[in-house]
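Okay, here's what each chain looks like letter by letter:
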Amino acid sequence: EERDLPLALKIGAHRAVNPQLKTAGDGVVAFADMSVLSRLCSRFPKVRILATFLSRNNQHEACVIASKFRNLHIYGCWWFCNNPSMIQEITTMRVEMLGTAFTAQHS
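Here the structure is a predicted model, which is why all the values come from computation and not from measurement.

Draft legend 1. Molecular detail of helix α2 (residues 59-68). Looking at α2, one finds that the buried residues are Q59, A62, C63, I65 and A66. The buried residues of α2 occupy an angular sector of 165° when projected down its axis, which confines them to one face. Contacts from the buried residues of α2 go to α1 (35-43), β4 (49-53), β5 (72-75) and α3 (84-98).

Draft legend 2. Fine view of the packing of aromatic side chains. Applying the stated criterion across every chain, the model contains two aromatic pairs. Seen from their ring centres, W79 and F80 are 5.0 Å apart, and the 10° between their planes marks the pair as stacked. Residue classification places F80 among the partly exposed residues on the basis of a relative accessible area of 39%. One aromatic cluster is present, formed by W78, W79 and F80 through successive ring pairs.

Draft legend 3. Here's a closer look at the sheet that holds strand β1 (residues 7-11). Read from one edge to the other, the open sheet built from four strands follows the order β1-β4-β5-β6, with strand pairing classed as parallel. The open sheet terminates on both sides in strands that have one partner only, identified here as β1 and β6 (102-103). Direction of pairing for β4 relative to β5: parallel, over a ladder of three bridges. Across the sheet, the residue bridging to A51 is I74, located in β5.

Draft legend 4. Looking closely at the pattern of salt bridges. One pass over the full model with this rule turns up three salt bridges. The salt bridge partner of D4 is R48, with a shortest N-O separation of 3.0 Å. Residue D4 is found in the segment before β1, and its partner R48 is found in the loop between α1 and β4; the two are separated by 44 residues along the sequence. Taking the relative accessible area as the measure of exposure, D4 reaches 51% and is therefore exposed. A salt bridge links R15 to D26; its shortest N-O distance comes to 2.3 Å. Of this pair, R15 sits in the loop between β2 (13-14) and β3 (27-28) while D26 is found in the loop between β2 and β3, placing the two residues 11 residues apart along the sequence.

What counts and what doesn't
Counting of residues starts from 1 at the beginning of each chain's written sequence and follows it residue by residue. Only residues with pLDDT of 70 or above have their local features reported here, since the model is predicted, and side-chain atom pairs are shown and tallied only from 80 upward, although totals for entire chains, interfaces and linings are computed over all residues. In computing side-chain properties, one takes all heavy atoms of the structure into account and sets aside hydrogens as well as water. Each residue is placed in one exposure class: buried if its accessible area under a 1.4 Å probe, protein chains only, is under 20% of its type's maximum, exposed if it is over 50%, and partly exposed if it falls in between. Counting from the N terminus, the helices are DSSP H or I runs at least four residues long and the strands are E runs at least two residues long. Along the arc lie the directions from the helix axis toward the C-beta atoms. Contact between two residues is taken to exist if any of their heavy atoms lie within 4.5 Å; hydrogens are not considered. Within 6.5 Å between ring centres, the rings of Phe, Tyr and Trp (the latter by its six-membered ring) count as paired, and their orientation is classed by plane angle as stacked under 30 degrees, edge-to-face over 60, tilted in between. Strands are labelled as partners when DSSP assigns at least two bridges between them. Any Lys or Arg side-chain nitrogen found within 4 Å of a carboxyl oxygen on Asp or Glu counts as a salt bridge.

Here's what the structure looks like:
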């Protein structure tokens, strides 16, 4: 808060599910605990929090939380969600729930 810096979070990676693949061996957490994000937003209302999620399963709850906290900004379709069918579904849901208060994609 005191430095007025945003916090960017990438939520949902399960590291080294296949260690033989080294850095390419990461997987996805089926359901990340989104209550942690809600508590962060509530406890630090002046901190701008940017968040993206690896699992399709967390996308709806992320939109609901973003609609409740002005300091939360949802962005992108990260990693395993970054394919055309998922991008279409997630972006449509975000438009319907958040209007233009999100970033559709990032690089």
